[in-house]
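These are the residues of each chain, in order.
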Amino acid sequence: MMTPMVHLCLLALLLGSAAGSGLDGKKIPFENLVMKVQEGTPVPYALCQFQVSHPGVNAFRLKGEGSDDIKISADGWLYLDKSLDWSKNDNYLVAVEALVDDEVVEGPIFATIHVMDINNHAPYFNQSYYTALVRENTPAGVPFTRVFALDRDDPSTPNAQLTYSLVSQIPNRHNTLLFQVDPNSGEISTTEQGERMLNARETIQYARGEERSAESLKAKFNNYCPSPTVPNEENPFFTCVERAEMRRSNLDPLEDPDYTLIVKVHDMGGASEMALSGNSRVHIAVQPNLWVNPGRIAIQEHLEGSYPRVIAKVQSNEPGAIYRLVQKERELRFPFQITEDGEILLTEELDREEKDMYILVVMAEDVYENQVDPPMEIHVVVEDVNDNAPVCKEEETVFEVQEGEPVGSLIGDLIAHDADQAETLNALLTYTIMSQQPSTSPEAFAIDAASGRIQTLRALQRRNHQVYNLDVRVSDPAHSVLCKVVVKVIDVNNELPRFEKNDYGSYTVAEDAAVGQTVLNISASDDDDADSGSSFIEFHISAGNDDGVFTVETDGKGVGHVVIAKPLDFETSSSYKLKIDARNPEPLMSGLEYGAESTAFASVSVTDVDEVPEFTLDIMEVVVPENITKGAVLLTVEAKDPEGKEIRFKMEGDTKGWLELNPATGQISTKDKLDRETLETFEVTVTAFEKDNPEKLDERVVSVRLLDVNDNTPKLTETQAFMCLKKPEPVFIKAHDGDDAPFSQPFTFVLAHSKKSHNWDLETIDGTTAKLTLKKTPTEDRTFSLPINVKDNAGMGVTQPFEVHVCTCTELGYCYVAPGEHGFKYGMGTTIGILAGTLGFCVLVLVVAVKRSSKRSKKSEEVEKNALM
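Keep in mind the model is a prediction, meaning the values are calculated, not measured.

Peer 1: Which parts of the structure should I look at to understand the overall build of the chain?
Peer 2: Helices and strands together make up the secondary structure of the chain, namely four helices and 59 strands. Out of the 869 residues in the chain, the part that is buried amounts to 37%. Taking contacts inside the chain between residues at least 6 apart in sequence as the whole, the part at least 24 apart equals 65%. Of the roughly 49,800 Å² of accessible surface on the chain, 51% is carried by carbon and sulfur atoms.

What follows is the structure in structure tokens.
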């Protein structure tokens, strides 16, 4: 009978060193012993000594992993026989048994040994050199290639934390780095200096569709450098250009780089002097960038000449690019076109007053409408010409001035407008008084030529003239208009407005009275000349009108209406003592001041009404991810009763049953899983009502919008197709994804096997479509099952079977099926449908047969009865 092993382990030195372990000579109890050992520790190295209570134990046995590296002695010492390597195994699990003459008397006891990594592997690049192409004017910070390094040390430790740096750039003529490397990702991009300074080698420019051959080069050379006596092949200038053009057309970054970068990678984040490193080279060739924005284009409005006319030209970096022109503003009128050669055409005259700028977006695409160059935005500015005359703001401008005003007093500003471009000479207006009726000597008025401000040149007396008529010419450099001005000389304001009574008493109004309701009417009179600013009466509430709850409406003729301007609230203020002043817009005569006769008072009391609860927010919108956890709180609806009564909440409109509402707190939370693909946006109505009087209620709509998460993989829309054996045409495969961007298209399509297929080629066409091409035609009809992996834009996808039947086709282009055969096996759903239809048809036939048999039986019985009678 085995006795339990004593759960004690003595850790001490056997043959090696355990300095720094802190466990020397200690006895520790354990159930499952865990130990840590640094890789590369010199051996032999003692780990632990097992002690047992059984007196006859004369050996120990070790089972488990690492039997070649870890040993146990006859007296129970567990030790390393070979140095451990983290990269080969970072964890060992062993079992120890105590033996008496090869019979187990105690154990097993399990021990776990964790191997600790040390930085003993230098990082290395996955390529000894890299090649890359970059175009001129590539925006700074936009990666055009990437280097990648690996480290065999523990990735969870700084030993494998890699950082990249640029050691040197060759050549570096101006001591200016034109490239940079991201220290974390290894992505290489241009610097701001590189965006400006990178230049490709000089090259010959070819037009769209022009053949890039030696003959074309000779023709171009002869056009620019005619040399009838020397053949091109013997002309050193031609041969120099020919070599340069051949070198450019066969651009190879490895054989003939423009720049070479030395890139270094460090482990330990590059923060330690003990960090290890590796190096690689990046060979870069600079390509010319023909896709250059022509810049701001200025077109004069109403430009005469023939249309359409070329206003600019663009050229794609892709020779076969198809150009497309769209307008950014999406307006109905768009007088621009683009030719297949990239010439931008203006199709008609422009009018700056109609639109002063157009924003054109030029697209360069391939035959599948994929962009081959980034969209180019071009601004077309319409330049102004002086084609508009000034316009008077009013058909007749009327000013009033009190008699006796001193010389230089302001009459008013004459306002005119010119539709031409502001802040230009075309819209610069000049004002001139052409005539004055009745005329005076000297003239009574002057006008500022630049601003149109009219002032008096003499003191005006009403007894002399009550009205003056002025003709003012307003002109720009090419056009002018005559504006009519009337100046009325009015009586001096020497009379005060007087209320009919100064105390209008008290008035009562309910707090739910509508805004705009009249509370009381007031009236005042003024003895100045009628129909002048001196007799016009305005009413102002000067005191007691907290928060502007009331206002006075008037027509200026002495009658005013005190009305409610804002909702009343008994709980905020239950009474108002209003002070109302009557005033003239014209200033009073010197020495005259407003007194008590121009002021009145009125008291307004507000009565309480049981009001409905009030929500703290009028608009409630919630935006949450569709994978929000069940029971999570979306929103807490808050409301209060103006009278302080207890309220409750209820919710309606949750057709999917996804939400629940706490009636006491207004807390809305989820009670089921949300699904954006089922319903992206929905609304629920929350009602707040008085607990003791549910008829007093108010409602608010809560809008919920679900944000997409990547919970759907792309699915093939069709899972089978056929090709004709004699003339196999490509098959187009489409996929769809229930998610939205950025978790849906563009998709990537690949054949899901490790090696490149010799029979099939799968090419992605656009964001949702791929083209499957048969490269090697079979000798007989055959069905292929291809594993196709479709991934969405976020890299999520699964492998799906796609069946292609390569068959002998009929003249109509369909697979020929011999009698008794079928080209495709029916799926489970189709088979069940056919069986169900067949069974239903049999049942129907049986029912008809039974009914007919029943009718025949009844008819036979009737015949027999008639025969007996």
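Peer 1: Mind showing me how you'd approach the side chain of Asn493 here?
Peer 2: In this fold, Asn493 is placed in the loop between strand S34 (480-490) and strand S35 (498-499). For Asn493, a relative accessible area of 0% puts it in the buried group. In terms of polar contacts, Asn493 uses its side chain to reach the side chain of Asn584, at 3.2 Å. A polar contact is formed between the side chain of Asn493 and the backbone oxygen of Glu586, at a distance of 3.1 Å. Setting aside residues up to four positions removed in sequence, Asn493 forms contacts with Gln402, Asp528, Ser534, Asn584, Glu586, Pro587, Leu588, Met589 and Leu592.

Peer 1: Would you take a moment to explain the environment of Lys264 for this structure?
Peer 2: Relative to the helices and strands, Lys264 is located in strand S17 (residues 259-266). Placed 81 residues apart in sequence, Lys264 and Pro183 show a C-alpha to C-alpha distance of 9.9 Å. Lys264 has contacts with Phe125, Thr163, Tyr164, Ser165, Val167, Ser277, Gly278 and Asn279, leaving out every residue within four places of it along the chain. In this structure the side chain of Lys264 is engaged in a polar contact, spanning 3.2 Å, whose partner is the side chain of Asn279.

Peer 1: Where do I start with the state of the cysteines in this structure?
Peer 2: Working definition: the covalent bond between the sulfur atoms of two cysteines is a disulfide. Scanning the model with the defined rule gives three disulfides in all. Each sulfur of the disulfide joining Cys392 and Cys483 lies 1.8 Å from the other. Because the sign of the S-S torsion sets the handedness, a value of about -90° for the bond joining Cys392 and Cys483 places this disulfide among the left-handed ones. Here the residue Cys392 occupies a position in strand S26 (residues 391-392), and Cys483 occupies one in strand S34, the gap between them amounting to 91 residues. Judged by its relative accessible area of 1%, Cys483 falls in the buried class. In this model, Cys724 is linked to Cys809 through a disulfide, with the two sulfur atoms separated by 2.1 Å.

Peer 1: So what exactly am I meant to see when it comes to the sheet that holds strand S36 (residues 503-510) here?
Peer 2: Sheet strands pair via backbone hydrogen bonds, and the direction of the pair is either parallel or antiparallel. What the four strands build is an open sheet, ordered S36-S42-S41-S38; its pairing is mixed. Here the strands that pair on one side only, and so sit at the sheet edges, are S36 and strand S38 (538-543). Neighbour-to-neighbour, the strand axes of this sheet turn through a mean angle of 30°, independent of strand direction.

Peer 1: Hey, could you run me through the packing of aromatic side chains in this one?
Peer 2: How two aromatic rings sit relative to each other is set out by the distance from centre to centre and by the angle between their planes. Enumeration according to the criterion identifies 14 aromatic pairs in this entry. Ring geometry for Phe125 and Tyr164: centres 6.2 Å apart, planes at 45°, overall tilted. Of this pair, Phe125 sits in strand S10 (residues 124-125) while Tyr164 sits in strand S14 (residues 163-170), placing them 39 residues apart in sequence. A centroid spacing of 5.3 Å and a plane angle of 70° characterise the contact between Phe336 and Tyr358, whose relative ring orientation is edge-to-face. Here Phe336 is found in strand S22 (residues 336-338), whereas its partner Tyr358 is found in strand S24 (residues 357-365), with 22 residues between them in sequence.

Peer 1: It is not clear to me how the pattern of salt bridges should be interpreted in this structure. Could you clarify?
Peer 2: The tally for this structure, following the rule as stated, stands at 22 salt bridges. Between Glu329 and Lys355 there is a salt bridge; the shortest N-O distance is 3.8 Å. Highlighted residues: Glu329 in the loop between strand S21 (322-327) and S22 and Lys355 in the loop between strand S23 (343-346) and S24, separated in sequence by 26 residues. Residue classification places Lys355 among the buried positions, given a relative accessible area of 15%. When the shortest N-O distance is used, the salt bridge between Arg352 and Glu353 registers 3.1 Å. Arg352 sits in the buried class, given a relative accessible area of 11%. For Glu353, a relative accessible area of 27% gives the class partly exposed.

Peer 1: Just checking my understanding: could you explain the side chain of Asp117 for this structure?
Peer 2: Relative to the helices and strands, Asp117 is located in the loop between strand S9 (103-116) and S10. Despite its burial, Asp117 remains without a salt bridge, the nearest opposite charge being carried by Arg152 at 9.6 Å. Separated by 3.0 Å, the side chain of Asp117 and the backbone nitrogen of Asp154 make a polar contact. In terms of polar contacts, Asp117 uses its side chain to reach the side chain of Asn159, at 3.0 Å. The contacts of Asp117, once residues within four sequence positions are left out, are Glu39, Trp86, Asp153, Asp154, Thr157 and Asn159.

Peer 1: How do you make sense of the sheet that holds strand S57 (residues 769-774) when you look at a structure like this?
Peer 2: Pairing in this open sheet of four strands is antiparallel, and the strands run S52-S54-S57-S56 from one edge to the other. At either end of the open sheet lies a strand with only one pairing partner, and these are strand S52 (715-716) and strand S56 (760-764). As judged from the four bridges shared by strand S54 (residues 731-736) and S57, these two strands associate in the antiparallel manner. If you follow Lys734 over to S57, its bridge partner there is Thr769.

Peer 1: Is there a simple way to explain unusual backbone geometry in this structure?
Peer 2: Leaving glycine out, the prevailing phi sign among residues is negative, and the prevailing peptide bond configuration is trans. Note the cis peptide between Tyr307 and Pro308, where omega equals 0°. Tracing the backbone through its elements, the reader meets Pro308 in the loop between strand S19 (297-300) and strand S20 (309-313). Residue Gln745 is joined to Pro746 through a cis peptide bond whose omega torsion reads 5°. Within the element layout of this structure, Pro746 appears in the loop between S54 and strand S55 (748-751). Although it is not a glycine, Asp101 adopts a positive phi angle of roughly 55°. Looking at the secondary structure, you find Asp101 in the loop between strand S8 (91-100) and S9. The exposure class of Asp101 is exposed, given its relative accessible area of 63%.

Peer 1: Would you take a moment to explain a nonpolar patch on the surface for this structure?
Peer 2: Side chains of Tyr124, Phe148 and Leu150 sit close together on the surface and give an oily, nonpolar patch of about 240 Å² of accessible area. In this structure, Tyr124 sits in strand S10.

Peer 1: Quick question: what am I supposed to make of the confidence of the model for the chain here?
Peer 2: Interpretation of the predicted coordinates at a detailed level should be avoided for regions scoring low in pLDDT. Looking at the chain, pLDDT values average 85 and 84% of them are 70 or higher. Below a pLDDT of 50 lies the segment residues 1-8, which in the model reaches 33 contacts outside its immediate sequence neighbourhood of four places, other chains included. Predicted confidence is poor over residues 10-30, with pLDDT under 50, and the contacts of this stretch with residues over four places away or in other chains come to 43 contacts.

Peer 1: Sorry if this is basic, but what is going on with the environment of Asp781 here?
Peer 2: Here Asp781 is to be found in the loop between S57 and strand S58 (782-791). Along the sequence, Asp781 and His805 sit 24 residues apart, while their C-alpha atoms lie 7.5 Å from each other. Excluding residues within four positions of it along the chain, Asp781 makes contact with Leu725, Val806, Cys807 and Thr808. Engagement of the side chain of Asp781 in a polar contact is seen with the side chain of Thr808, the distance being 3.0 Å.

Peer 1: Where do I start with the environment of Lys645 in this structure?
Peer 2: Within the secondary structure layout, Lys645 lies in the loop between strand S46 (639-640) and strand S47 (647-652). Among the residues examined, Lys645 registers a relative accessible area of 39% and is labelled partly exposed. Note: C-alpha distance between Lys645 and Asp692 (47 residues apart in sequence) is 8.4 Å. With sequence-adjacent residues up to four places away left out, Lys645 is seen in contact with Asp610 and Glu690.

Quick notes on the rules
Residues numbered from 1 in each chain as written. Predicted model: local features only at pLDDT ≥ 70, side-chain atom pairs only at ≥ 80, totals over all residues. Heavy atoms only, no water. Helix = DSSP H or I, 4+ residues; strand = E, 2+ residues; numbered from the N terminus. Buried < 20%, exposed > 50% of the residue type's maximum accessible area, 1.4 Å probe, protein only. Contact = heavy atoms within 4.5 Å. Areas by Shrake-Rupley, 256 points an atom, 1.4 Å probe, with all protein chains shown as cover. Polar contact = N/O pair within 3.5 Å; in protein donor to acceptor, adjacent residues only side chain to side chain. Disulfide = S-S within 2.5 Å. Pairing = 2+ DSSP bridges. Axes fitted to C-alpha atoms, helices over the stretch in contact; angles between N-to-C directions. Phe/Tyr/Trp six-rings, centres within 6.5 Å; stacked < 30°, edge-to-face > 60°. Salt bridge = Lys/Arg side-chain N within 4 Å of Asp/Glu carboxyl O. Lys, Arg positive; Asp, Glu negative; His and termini not counted. Patch = residues over 30% accessible without salt bridge, like charges linked within 9 Å, V, L, I, M, F, W, Y side chains within 5 Å. pLDDT = per-residue confidence, 0-100.

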